[in-house]
Amino acid sequence: MSEAGQIAVKAMGVIRRPRDGALLVCEYDGPDSEPFHRLLGGHVEFGEHAEEALRREFLEEIDQEIDRLEFLGVIESFFRWRGSDGHEVVFVYSAEFVNPLAYGVEEHEILDEPDEDSRVIWRDPAADSPPLYPDGVASRGWVSR
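Procedures and definitions
Residues numbered from 1 in each chain as written. Predicted model: local features only at pLDDT ≥ 70, side-chain atom pairs only at ≥ 80, totals over all residues. Heavy atoms only, no water. Helix = DSSP H or I, 4+ residues; strand = E, 2+ residues; numbered from the N terminus. Polar contact = N/O pair within 3.5 Å; in protein donor to acceptor, adjacent residues only side chain to side chain. Contact = heavy atoms within 4.5 Å. Core = buried A, V, L, I, M, F, W, Y, C linked by side-chain atoms within 4.5 Å. Buried < 20%, exposed > 50% of the residue type's maximum accessible area, 1.4 Å probe, protein only. Expected span 1.5 Å × (residues − 1). Pairing = 2+ DSSP bridges. 1 Å grid on protein atoms, 1.4 Å probe; cavity = no way out; pocket = protein on both sides within 12 Å on 5 of 7 lines; lining within 4 Å. Points joined across faces, edges and corners; volume = space filled by probe spheres on them. Nonpolar A, V, L, I, M, F, W, Y, C, P; charged D, E, K, R; others polar.

1. Considering the side chain of H37
Part 1 of the argument: Following the sequence through the fold, H37 ends up in strand 3 (residues 36-38).
Part 2 of the argument: Polar contacts involving the side chain of H37 include one to the side chain of R123, which spans 2.8 Å.
Part 3 of the argument: H37 has contacts with V25, C26, E27, I121, R123, P130, P131, L132 and Y133, leaving out every residue within four places of it along the chain.

Here it is as structure tokens:
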């Protein structure tokens, strides 16, 4: 989350499991909001390209390397989180795991957020709920098969 009045620049990845088309997402189910899913990724640091940030975030979050990144587009998102308004610009890429065994892991703990009420799971390709963020990623067809 960014400081109040600040715009966060983020990079997020669309990864599909080859055997069933499930989408890799971070699942939030904490006391501050209703359950939701979001694409994996995070903040782009100053001087870093979005593609580099996405590779770094996957290593930090689930200790997995990604490759074959393909730029899908940009989403500007306004939201409310933990009592504050947020504004982010998200670079969205499709990607694949370097290690094919990563597709067989059903659930990942998020390594750089051990105290959060979240985990990384595979979302059923037909799921309509919980909501998927950033808002608009589904309507653009970037996460459909």
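2. Comments concerning the nonpolar core
Part 1 of the argument: Judged by nonpolar contacts, the single largest core of 25 residues is most densely connected at I15, L24, F58, I66 and F97.
Part 2 of the argument: For this core, the secondary-structure elements that each account for two or more residues are strand 2 (23-28), helix 1 (50-62), strand 5 (66-81), strand 6 (84-97) and strand 8 (118-123).
Part 3 of the argument: Top element by residues in this core is helix 1. It accounts for five residues.
Part 4 of the argument: Each residue touching I66, except ones within four places of it in the same chain, is listed here: I15, L54, R55, F58, A95, E96, F97 and V98.
Part 5 of the argument: By size, the runner-up hydrophobic cluster in this structure holds 13 residues, among which are L23, I75, I121 and W142.

3. Things to note about helix 1
Part 1 of the argument: Between the first and last C-alpha of helix 1 there are 18 Å, a value that for 13 residues agrees with the 18 Å anticipated at 1.5 Å per step.
Part 2 of the argument: Buried within helix 1 are the following residues: A50, A53, L54, R56, E57, F58, E61 and I62.
Part 3 of the argument: Positive phi appears at D63, one or two residues downstream of helix 1, with a value of about 55 degrees.

4. A short note on the sheet that holds strand 9 (residues 132-133)
Part 1 of the argument: If you trace the five strands from one edge of the open sheet to the other, you get 7-8-2-3-9, paired in mixed fashion. A single partner strand is all that each edge strand has here, and the edge strands are strand 7 (107-108) and strand 9.
Part 2 of the argument: Of the strand pairs in this sheet, strand 3 and strand 9 are connected by two bridges, and their pairing is parallel. Note on strand 9: the bridge partner recorded for H37 is L132.

5. Considerations on unusual backbone geometry
Part 1 of the argument: The peptide bond linking S129 to P130 adopts the cis configuration, its omega dihedral lying at 0 degrees.
Part 2 of the argument: Inspection of the secondary structure puts P130 in the loop between strand 8 and strand 9.
Part 3 of the argument: A cis amide bond links Y133 with the next residue in sequence, P134, at an omega value of 10 degrees.
Part 4 of the argument: Its location among the elements puts P134 in the segment after strand 9.
Part 5 of the argument: Of note in this structure, D63 is not a glycine but carries a positive phi near 55 degrees.

6. Topic: the layout of surface pockets
Part 1 of the argument: Roughly 230 Å³ of volume is contained in the second largest pocket.
Part 2 of the argument: Forming the boundary of the second largest pocket are 14 residues, of which V14, R16, S94, A95 and E96 lie nearest the centre.
Part 3 of the argument: When contributions to the lining of the second largest pocket are tallied by element, the ones reaching two or more residues are strand 5 and strand 6.
Part 4 of the argument: Per-element accounting of the lining of the second largest pocket gives the leading share, three residues, to strand 6.
Part 5 of the argument: Looking at the lining of the second largest pocket, its residues break down into six nonpolar, two polar and six charged.

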